[in-house]
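# Structural features, examined
For reference, the chains in residue letters:
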Amino acid sequence: MRLVRSFAAITLGSICLLAITDVGKTHTRTTPKLRAENRAIPLLAAVSGEAKSPSNLVGQMPPSFDKDVARVVANIDQVEGETLRQLDRTTLDRQGQIRTLGKLLLFDKHLSVNQNEACSFCHTPETGFTGPIQSLNLSTISYPGSVRARFSQRKPQSYMYATFAPVLHYNALQGDFVGGNFWDMRASGYRLQNPSAEQAQGPPTNPVEMGLPDSACLAYRLSKAAYRKLFEAVWGADSFAIQWPKDVESVCATPGPPTDVDQYPVHLSVADRQRADDVYDSFGLAAAAYEASPEVSPFTSKYDYVQAGSAQFTAQEEIGYALFRGKARCNQCHRDGGPGEEPLFTDFTASNLGVPRNPAVQFYFEAKSDERGYSPNSAGSTYVDTGVGFFLRKLKSLSGQLNPDSRWIELAPKFDAKFQVPTLRNVDMRPTPVFVKAYMHNGYFKSLKEVVHFYNTRDVLPKCKAGDPGEKVTCWPPPEDPTNLNKRQLGDLKLTDQEEDDLVAFLKTLTDDYKLSSPGSAK
């Protein structure tokens, strides 16, 4: 499949988590280096505890919750302020206008129900546009919504390079779904022909994320935004020519979901509802335009410079790249490009890698209804995330994504427990070398070494329970869901410990913003 960098093909942020569906195999012996790496990461018990705010969180919440959240919100406010100031001193062309608008939309916390959470709260640049709070990466893995006591079940994916995903489609010869956004592919892109734009439309009305009770609330908040004129310059002067009901302010300050008897609590005329829907579509398209820009997807990693002849791999990185393309079989799913392709390091399909359950996921503790009578997870600790299969069976989700093709429902059993193969670009991007990221849809892994070791030894090391001595080193817990388990590209790759390290060294060359020390030299 040829992937072209066009606006119609862009697909928003759900990709950057590591799901290396191909890695090599290692000896089953315990490696001192892996033991040391594990010791360097605090145990969950060390970061667990009751968060001071909100008071009803009962999972393994870090004691620094309030401080960490406040820091990220302040950083987002700073980015938004700098971008707003740019409007006053810069004449933007049409492309600059829509990209700048998209950035403002993603960094605007006022678009959430409590006006405290921007899209970028879960997707910050310094971590490759994924989760920026180390204490949450080590514990809950998902991030709190605008209602701070509500969490989703998955780790935030990255925006970077997600815009290249095609519209979701089923390839009958391949027997696979290809494209879309989100871990479960539910942002199909069918309606707007742009998966990224449809992904952006998910969080604002998701009760566990930005929490608006009605998509029209986003249009209302935008009509009050400091950058309203820029929105109108891009999408039309009449964008907000909507007659708002007198109670719109109070309705839009009420967390979703809406009641069954009033699915659209902002009561608008047919014409005004259509205009509000158009604003919502424009919001998604502008966000996708920003994410497709070089600011988010720049192709400036060491790998890119090596391919251009401007840098050279180290000996270890060169070995790692050979393993990636050969013995470890990584590029069977994480495609590194071919004729006419840009190297995106994903094939946009889905796979069940057999990742163990992560007992620290806050979603397991959300069975009890909150003060508004809403329970994000009625199954509690028995919940099992069935991934793409769940999406295929559902005609609507809390974030408004639809299964666009009823014929796909019968395919659901073949895709239970499968999750989208993310790009490996910027898989190691972090603000400091010691910052801990989480990997996979449930954040079970906390380092690239752990991920590679799992790919290598999943099927050769003995099984153990979560928390047992040797977990992630000499034994693995069983898969959270063994349905449709991928046994072809991982599990017994026979990589040595050194080859695992070589592969990790190569993966680190995929981090953008690489600086050449001098023209034509490697760093």
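The rules behind the values
Residues numbered from 1 in each chain as written. Predicted model: local features only at pLDDT ≥ 70, side-chain atom pairs only at ≥ 80, totals over all residues. Heavy atoms only, no water. Phe/Tyr/Trp six-rings, centres within 6.5 Å; stacked < 30°, edge-to-face > 60°. Helix = DSSP H or I, 4+ residues; strand = E, 2+ residues; numbered from the N terminus. Buried < 20%, exposed > 50% of the residue type's maximum accessible area, 1.4 Å probe, protein only. Lys NZ or Arg CZ within 6 Å of the ring centre and 35° of its normal. Core = buried A, V, L, I, M, F, W, Y, C linked by side-chain atoms within 4.5 Å. Contact = heavy atoms within 4.5 Å. pLDDT = per-residue confidence, 0-100. Salt bridge = Lys/Arg side-chain N within 4 Å of Asp/Glu carboxyl O. Disulfide = S-S within 2.5 Å.

A few words now on the packing of aromatic side chains. In this structure the tally under the stated criterion is 29 aromatic pairs. Note on Tyr303 and Tyr321: the rings are 5.7 Å apart at their centroids and 80 degrees apart in plane angle, and the pair reads as edge-to-face. Taken as a pair, Tyr303 in helix H11 (residues 302–307) and Tyr321 in helix H12 (residues 315–325) lie far apart in primary sequence, 18 residues in all. Look at Tyr321 and you get buried, because its relative accessible area is 11%. Following the ring pairs from residue to residue traces out a cluster consisting of Tyr303, Phe313, Tyr321, Phe324, Phe345 and Phe506. Across from the ring centre of Phe415, 4.7 Å away, lies the NZ or CZ of Lys418, which sits over that ring. Just above the ring of Tyr161 sits the side chain of Arg425; from NZ or CZ to the centre is 5.0 Å.

The nonpolar side chains of a soluble globular protein tend to be buried with one another. With 65 residues, the main nonpolar core has Leu101, Leu105, Phe121, Leu222, Tyr227, Trp244 and Val266 as its most contacted residues. Mapped by element, the contributors of at least two residues to this core are helix H3 (65–89), helix H4 (94–106), helix H7 (215–223), helix H8 (228–235), helix H9 (248–252) and helix H10 (270–291). In terms of residue count, the dominant contributor to this core is H10 (eight residues). If we skip the residues at most four places from it in the chain, Trp244 touches Ala216, Ala219, Tyr220, Ser223, Val266 and Leu268.

Before going further, it helps to spend a moment on the confidence of the model for the protein. Of all residues in the protein, 86% attain a pLDDT of 70 or more, and the chain-wide mean is 88. For the stretch residues 1–55, pLDDT sits under 50, and the model shows 232 contacts to residues farther than four places along the chain or on other chains.

What follows deals with the pattern of salt bridges. By the definition in use, this model includes 24 salt bridges. Across the pair Asp184 and Arg154 runs a salt bridge whose closest N-O atoms are separated by 3.1 Å. Of the two residues, Asp184 is situated in the loop between strand S2 (176–178) and helix H6 (195–200) and Arg154 in the loop between helix H5 (134–138) and strand S1 (169–171); the sequence distance between them amounts to 30 residues. We note that Asp184, like Arg154, is buried. A salt bridge links Lys449 to Asp501; its shortest N-O distance comes to 2.8 Å. Here Lys449 is found in helix H14 (residues 448–457), whereas its partner Asp501 is found in helix H15 (residues 497–507), with 52 residues between them in sequence. By the burial criterion, Lys449 is buried, and Asp501 matches it. Among the charged side chains, a salt-bridge network with shared partners connects Arg154, Asp184, Arg186 and Asp385.

This structure, assessed with the given rule, holds two disulfides. Across a sulfur-sulfur distance of 2.2 Å, Cys217 and Cys252 are joined as a disulfide pair. Between Cys217 and Cys252, the S-S dihedral sits near -85 degrees, and the bridge is therefore left-handed. Taken as a pair, Cys217 in helix H7 and Cys252 in helix H9 lie far apart in primary sequence, 35 residues in all.

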